[in-house]
Amino acid sequence: MFEWAASGGRSYEERITLWQASSADDAIARAEAEAETYATETGVAYLGLAQSYRLGADGAPGAGAEVFSLLRDSTLEPDAYLDAYFDSRTERQQR
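In this report, we go over the structure that sits alongside the text.

If you tally the helices and strands in the protein, you get 2 helices and 3 strands. When the elements of the protein are put in sequence order from the N terminus, they spell out β-β-α-β-α. In terms of principal-axis extent, the alpha carbons of the protein reach across some 40 × 35 × 25 Å. Classification of the 95 residues of the protein by burial places 13% in the buried group. Sequence-distant contacts in the protein: of pairs separated by 6 or more residues, those separated by 24 or more amount to 34%. Total accessible area on the protein is roughly 7800 Å²; 49% of this is exposed by carbon and sulfur atoms.

Below, the structure written as structure tokens:
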């Protein structure tokens, strides 16, 4: 997670990167090192959050391969959940 500061406020960026590593700790260490480099090169702030997700048995992503999954408990109904976390109208995405 990264913070982009701008004259009109802040933007937050979530990046997913792939690492070939011997363990989750190794993958996170590599991701954190790359995140620091990315932050320095782009002038953003790295917020210190890195997570690991193990790919399937062969570890090679192909068409349709799951590269990330996150389960979050919530009491929100589906539309409210999507609005709160994924469609708050503040995302910079193509509609």
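Attention shifts here to a nonpolar patch on the surface. The grouping of Leu76, Leu82, Tyr85 and Phe86 at the surface amounts to a nonpolar patch, some 390 Å² of accessible area in total. Relative to the elements of secondary structure, Leu82 occurs in helix α2 (residues 78-85).

This part covers the nonpolar core. Core analysis: the biggest nonpolar cluster contains 6 residues, these being Phe2, Ala35, Tyr38, Ala39, Val44 and Tyr46. In terms of residue count, helix α1 (residues 24-42) provides more of this core than any other element does, 3 residues in total. Setting aside residues no more than four positions away along its own chain, Ala39 makes contact with Phe2, Val44 and Tyr46.

A separate point is the sheet that holds strand β2 (residues 9-13). Taken together, 3 strands build an open sheet; the order of strands is β2-β1-β3 and the sheet is antiparallel. Because the sheet does not close on itself, it has two edges, and the strands there are β2 and β3 (45-46). Where strand β1 (residues 2-6) and β3 come together, 2 bridges link them in antiparallel fashion. Bridge pairing in β3 links Glu3 to Ala45. Its contacts with the sheet place α1 against β1, β2 and β3, and it is angled at close to 10 degrees to β1.

Moving on, we come to the pattern of salt bridges. Taken as a whole and assessed by the stated rule, the structure comprises 3 salt bridges. With its nearest N and O atoms 2.5 Å apart, the salt bridge here joins Arg10 to Glu3. In this structure Arg10 comes out as exposed when scored by relative accessible area, which is 60%. Measuring nitrogen to oxygen at the nearest pair gives 3.2 Å for the salt bridge that ties Arg30 to Asp26. Residue Arg30 and its partner Asp26 are both found in helix α1; the two are separated by 4 residues, about one turn of the helix.

One way to see where empty space is left: roll a probe the size of a water molecule over the atoms. When its volume is computed, the largest pocket comes out at roughly 1600 Å³. If you go around the largest pocket, you meet 46 residues; those closest to its centre are Glu14, Arg15, Ile16, Gln51 and Phe68. Of all the elements in the fold, those that place two or more residues in the lining of the largest pocket are β1, β2, α1 and α2. Of the residues forming the lining of the largest pocket, the biggest block, 6 residues, is contributed by α1. A per-class count over the lining of the largest pocket returns 26 nonpolar, 11 polar and 9 charged.

Calculation rules
Residues numbered from 1 in each chain as written. Predicted model: local features only at pLDDT ≥ 70, side-chain atom pairs only at ≥ 80, totals over all residues. Heavy atoms only, no water. Helix = DSSP H or I, 4+ residues; strand = E, 2+ residues; numbered from the N terminus. Buried < 20%, exposed > 50% of the residue type's maximum accessible area, 1.4 Å probe, protein only. Contact = heavy atoms within 4.5 Å. Areas by Shrake-Rupley, 256 points an atom, 1.4 Å probe, with all protein chains shown as cover. Patch = residues over 30% accessible without salt bridge, like charges linked within 9 Å, V, L, I, M, F, W, Y side chains within 5 Å. Salt bridge = Lys/Arg side-chain N within 4 Å of Asp/Glu carboxyl O. Core = buried A, V, L, I, M, F, W, Y, C linked by side-chain atoms within 4.5 Å. Pairing = 2+ DSSP bridges. Axes fitted to C-alpha atoms, helices over the stretch in contact; angles between N-to-C directions. 1 Å grid on protein atoms, 1.4 Å probe; cavity = no way out; pocket = protein on both sides within 12 Å on 5 of 7 lines; lining within 4 Å. Points joined across faces, edges and corners; volume = space filled by probe spheres on them. Nonpolar A, V, L, I, M, F, W, Y, C, P; charged D, E, K, R; others polar.

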